[in-house]
Every structure is written in structure tokens, then in C-alpha cells.
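# Summary of the model geometry
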Amino acid sequence: MRTGALALAVLAVAFAWHIAVGAKVIPLATVAEAFWGYDETVFDHVVIRDLRLPRALMAVAVGAGLAVAGALMQGVTRNPLADPGLLGLLAGASFAVVLGTFTGLTSPAVIPVLAAIGALAAASIVWGVASAVPGGASPMTLVLAGAAVTAFLAALTAIMLLIDETSFEALRVWLTGTLAGRPGTAGLWAAGWLVLGLVVALGAARQVTAMAMGDEAATGLGVDVRKLRLAILVSVVALTAAAVALAGPMGFVGLVVPHMVRLVVGHDYRVIVPASAVVGATYLLLADIAARMLLAPVEISTGLITALLGAPVFVWLVRARL
């Protein structure tokens, strides 16, 4: 209980800090005034409500979604290296969105659907390739297959960007993973996918704990393994689609956060799933603060910060398993 309260308190502090910092630092007292006594004639209030609040909410949504997706993938596959980025889901979702844009499918309602289709297709290909290798889909073969599929899809995406550089200029920054810009209507559609993914994840969390002990143990405890895998697939694809629709491919969040959470709360997924959501939201808020402040006034894409933080963790995990 105390740990949960502390995590929520840290999230609240990070949220307020995220809104306060930027090209102009706004006092926390002014931030509070913008919520409790909004005045449209005060410039700082307008900046907070129209620009910084939507960005902070995007960070919370994307961080929570990717962290929960990573936790579920690691639990169900019993693979500590499982992550939407490493297993190709982010690349598949991003490629599908770029392909949709290339063919004129740019409706805010369609983008999450395209991302979901791309994530599901990429996951299926990665699993098929890894399963075809002698020895089956081990953690390392899944990661290697994910790397191959990610590289292939990245090449196809780059080709499409080169065909029409002017039209796809905005997507270049988006493909690095960014929280800049207002989500608008697309944010509302993505929110629906996010809620779907989180609801399914919370509902399946107890059974994921049993699944993490092995298929036979889970079956012995009354878990319908096939149904659970389908539910987790729906959740992971929905969460990945929402995150990509909002902010592009934000790598390593789903890898790093669940491991951080397990160090504190143990291996009960009834706790890991909600804790990953809170810690993931906090993690991405802090990463976005770093993206804005490290080279101020120049802003770095948040996805580059998450990659810089996540790559050493990935190397450590690989070395720990070899």
C-alpha cells in the first residue's frame, strides 16, 4: 500500500514538473492556478492548458500503455527480453501507418486501426520465423527474428519516405518517437484503444501470474491457456497501436519498466500490471523532460532518450542470460 501511494505521489510530482518546464519555466503556483482558476487572458494559463497539458497526458498514456504491453509479453512468453520494440510490433505499427498515409488513409479514426494491423502482422511474422528455427521460439531467436523484421520494415519505410520527401516530412520526426504537437481528434481515437488494452490487461493479470510458471502449471490451476494468450494478444496490440498512433515508435519503454517494477513488487502480475502503468507513465514523463531540457532550447525526440536509457538495460539482460 505504501509503495503504491509513493509511486502515485512520484507520478503526480513528475506530471507537475513536466508541465512547469519547457522553453519558459512556469512556477508551480501558476500551474495550479491554470487548473483551479483558469483565465484565458493569462498567457501562461493558455500555454499550460492548450500545449503542455495535452503533451503530459500523451506521455502518461504512451508510457503506461507500452510498459503494460511489455509486462504482459514478458509474463506470457516467459521471455525477459520481450518488448513491443524488440519483437517488431512498433516497427510493424509504424510501417502500417506510413503505408496508410502513402495511400491516403489519414483519418484519425483509421490510424490506430492501421497501427494495430501492422503490429499484429509483424508479431505473427516474428513468431513464425522464430518458431521455424531449430529449437523453437527461444528468447534469443525471438529477439533475432524481431531485429530482422524491424530492419526490413524500417528499410521499406525509408523507401516510402524517399519517394515523396515533402509529403512525409512531418513523419520523419514522428518515426523517432515524439510527444511534440497536440494529439487532437487522433488522441481521442487512440484513447479508446488504450482503454481497451488496459481493461483486458487488468482483467487477465491474475492468470498471467499462473502462465509465467509454465503452460502445464497454468492449466493445472484452471487457466485456459489459449484463451488467455488471445486476450493478451488483443491487449498488447491495442496498447501498441494506441502508443504508436499518439507518439510514433517509442522504443525500450516496455523492456525497462517491467524489470524495474519486478525488482520492487515481485512476480505477482496482479501488482505488476497496474504498477507498470504508473511507473511507465512516470518514466516517460521524466524522459520527455530530459528530451526538452538536455540541449535546451533545442528539443530532442523523446524516443531517442528512451533508446539511450534502454539500450544498456538490454545489453545487461542479454549478458545475464548468456
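Computed from a predicted model, the values in this text were never measured in an experiment.

### Structural notes on the overall build of the protein chain
Secondary structure assignment for the protein chain yields 13 helices and zero strands. Over its C-alpha trace the protein chain gives a radius of gyration of 20 Å, about what one expects of a compact globule, namely 20 Å for 322 residues. Across the 322 residues that make up the protein chain, the buried fraction comes to 49%. For the protein chain, the share of sequence-separated contacts (at least 6 apart) that also reach a separation of at least 24 residues comes to 73%.

### Focus: the confidence of the model for the protein chain
Taken residue by residue, the protein chain gives an average pLDDT of 91. The fraction at 70 or more is 98%. Across the protein chain, helix H12 (residues 269–293) holds the top mean pLDDT of 96, while helix H7 (residues 169–174) sits lowest at 83.

### Structural notes on the nonpolar core
Val 62, Leu 72, Leu 179, Ile 232 and Met 250 are the most contacted members of the largest nonpolar core, which totals 94 residues. Among the elements that make up this core, the one with the highest residue count is helix H3 (residues 43–77) (17 residues). Excluding residues within four positions of it along the chain, Leu 72 makes contact with Ala 201, Val 208, Ile 232, Ser 235, Val 236 and Val 273. If you look at the next biggest cluster of nonpolar residues, it comprises seven residues, including Leu 81, Leu 86, Val 143 and Val 318.

### Some words on the pattern of salt bridges
Under the counting rule described, the total for this entry stands at seven salt bridges. Linking Asp 44 and Lys 24 is a salt bridge whose minimum nitrogen-to-oxygen distance equals 2.9 Å. Of this pair, Asp 44 sits in helix H3 while Lys 24 sits in the loop between helix H1 (2–20) and helix H2 (28–36), placing them 20 residues apart in sequence. We classify Asp 44 as buried; its relative accessible area is 14%. As a salt-bridge pair, Arg 55 and Asp 288 come within 2.8 Å of each other at their nearest N and O atoms. Of the two residues, Arg 55 is situated in helix H3 and Asp 288 in helix H12; the sequence distance between them amounts to 233 residues. Arg 55 gets classed as buried once you look at its relative accessible area, which sits at 9%. Look at Asp 288 and you get buried, because its relative accessible area is 0%. One salt-bridge network, held together by shared partners, links Arg 55, Asp 288, Arg 292 and Glu 299.

### Observations regarding H12
Structural remark: α-helix, 3.6 residues per turn; residues separated by three or four positions point the same way. With 25 residues, H12 ought to run about 36 Å at 1.5 Å a step, and its terminal C-alpha atoms sit 35 Å apart, in line with that. Counting buried residues along H12, 18 of its 25 residues qualify, which places the element largely inside the surrounding structure.

### With respect to the side chain of Thr 306
Relative to the assigned elements, Thr 306 resides in helix H13 (residues 302–321). Ignoring any residue separated from it by four or fewer positions in sequence, one finds Thr 306 in contact with Met 250, Gly 251, Phe 252, Val 253, Tyr 283, Leu 284 and Ala 287.

### Describing the environment of Val 60
Within the secondary structure, Val 60 is located in helix H3. Residue classification places Val 60 among the partly exposed residues on the basis of a relative accessible area of 23%. Separated by 221 residues in the primary sequence, Val 60 and Ala 281 have C-alpha atoms spaced 4.1 Å apart.

### Here's the deal with a nonpolar patch on the surface
A grouping of Leu 120, Leu 196, Leu 230, Leu 233 and Val 234 is seen on the molecular surface, where their side chains present a nonpolar patch of about 400 Å² in accessible area. Looking at the nonpolar patch, the element that brings in the most residues is helix H10 (residues 225–247), giving three residues. Note on placement: Val 234 falls in helix H10. Note on Val 234: relative accessible area 38%, which makes it partly exposed.

### Brief notes about unusual backbone geometry
Following Ala 296, the chain continues to Pro 297 via a peptide bond in cis, the omega torsion being 10°. As for its position among the elements, Pro 297 is in the loop between H12 and H13. Backbone geometry at Arg 78 places phi at a positive 55°, although glycine is not the residue there. Tracing the backbone through its elements, the reader meets Arg 78 in the loop between H3 and helix H4 (89–102).

Reading guide: rules and limits
- Residues numbered from 1 in each chain as written.
- Predicted model: local features only at pLDDT ≥ 70, side-chain atom pairs only at ≥ 80, totals over all residues.
- Heavy atoms only, no water.
- Helix = DSSP H or I, 4+ residues; strand = E, 2+ residues; numbered from the N terminus.
- Rg over C-alpha atoms; globule rule 2.2 N^0.38 Å.
- Buried < 20%, exposed > 50% of the residue type's maximum accessible area, 1.4 Å probe, protein only.
- Contact = heavy atoms within 4.5 Å.
- pLDDT = per-residue confidence, 0-100.
- Core = buried A, V, L, I, M, F, W, Y, C linked by side-chain atoms within 4.5 Å.
- Salt bridge = Lys/Arg side-chain N within 4 Å of Asp/Glu carboxyl O.
- Expected span 1.5 Å × (residues − 1).
- Patch = residues over 30% accessible without salt bridge, like charges linked within 9 Å, V, L, I, M, F, W, Y side chains within 5 Å.
- Areas by Shrake-Rupley, 256 points an atom, 1.4 Å probe, with all protein chains shown as cover.

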